[in-house]
Amino acid sequence: MTTQSELSREWITQALYELLKMKSFSSITNKEITDKAGLSHITIYRLFDSKEEIILKDLKKRIRKSFLRGIISRICLIFINRIRNSSTVCIKII
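A few points on the structure. A quick note: this is a predicted structure, and the numbers were derived from the prediction, not measured.

1. Quick look at the overall build of the protein chain
Then comes step 1: Along its length, the protein chain carries four helices and zero strands.
Then comes step 2: Along the chain direction, N to C, the helices and strands of the protein chain fall in the order α-α-α-α.
Then comes step 3: Counting only contacts in the protein chain whose residues sit at least 6 apart along the sequence, the fraction spanning at least 24 positions is 48%.
Then comes step 4: For the protein chain, the accessible surface area stands at approximately 7,500 Å², while carbon and sulfur atoms represent 60% of it.

See the structure below:
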């Protein structure tokens, strides 16, 4: 279940990326970010220490997801190879 804080973090992150399409990072204010996200200006200070942290947390999240996808892919390949090499396993793929 997604909490309100998680949703707010996502909205703030997306708002910052939208603003970055139009302005430089250093010229974007926290108020612009929260206005774009449709949130109170206090929210950004409650959830993040700085604008830089917004991007850093998003990058960490993306790297973690990518890393986990890579691990899952490798595990699936190992499993598939073991199945192919086994004459006793029969799998029906739907």
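2. Examining the layout of surface pockets
Then comes step 1: In this model, the largest pocket occupies a volume close to 170 Å³.
Then comes step 2: Glu-6, Arg-9, Glu-10, Thr-13, Phe-48, Ile-54, Lys-57, Asp-58, Lys-61 and Arg-64 together form the lining of the largest pocket.
Then comes step 3: For the lining of the largest pocket, the leading source of residues is helix α4 (residues 51-85), giving five residues.
Then comes step 4: Counted by class, the lining of the largest pocket contains two nonpolar, one polar and seven charged residues.

3. Topic: the pattern of salt bridges
Charged atoms that come close allow side chains of opposite charge to pair.
Then comes step 1: For the coordinates displayed, the defined rule picks out six salt bridges.
Then comes step 2: Glu-10 is the salt-bridge partner of Lys-61, the closest N and O atoms lying 3.1 Å from each other. Within this pair, whereas Lys-61 is found in helix α4, its partner Glu-10 is found in helix α1 (residues 4-20), the two being separated by 51 residues in sequence.
Then comes step 3: Using a relative accessible area of 33% as the deciding quantity, one classes Lys-61 as partly exposed.

Procedures and definitions
- Residues numbered from 1 in each chain as written.
- Predicted model: local features only at pLDDT ≥ 70, side-chain atom pairs only at ≥ 80, totals over all residues.
- Heavy atoms only, no water.
- Helix = DSSP H or I, 4+ residues; strand = E, 2+ residues; numbered from the N terminus.
- Contact = heavy atoms within 4.5 Å.
- Areas by Shrake-Rupley, 256 points an atom, 1.4 Å probe, with all protein chains shown as cover.
- 1 Å grid on protein atoms, 1.4 Å probe; cavity = no way out; pocket = protein on both sides within 12 Å on 5 of 7 lines; lining within 4 Å.
- Points joined across faces, edges and corners; volume = space filled by probe spheres on them.
- Nonpolar A, V, L, I, M, F, W, Y, C, P; charged D, E, K, R; others polar.
- Salt bridge = Lys/Arg side-chain N within 4 Å of Asp/Glu carboxyl O.
- Buried < 20%, exposed > 50% of the residue type's maximum accessible area, 1.4 Å probe, protein only.

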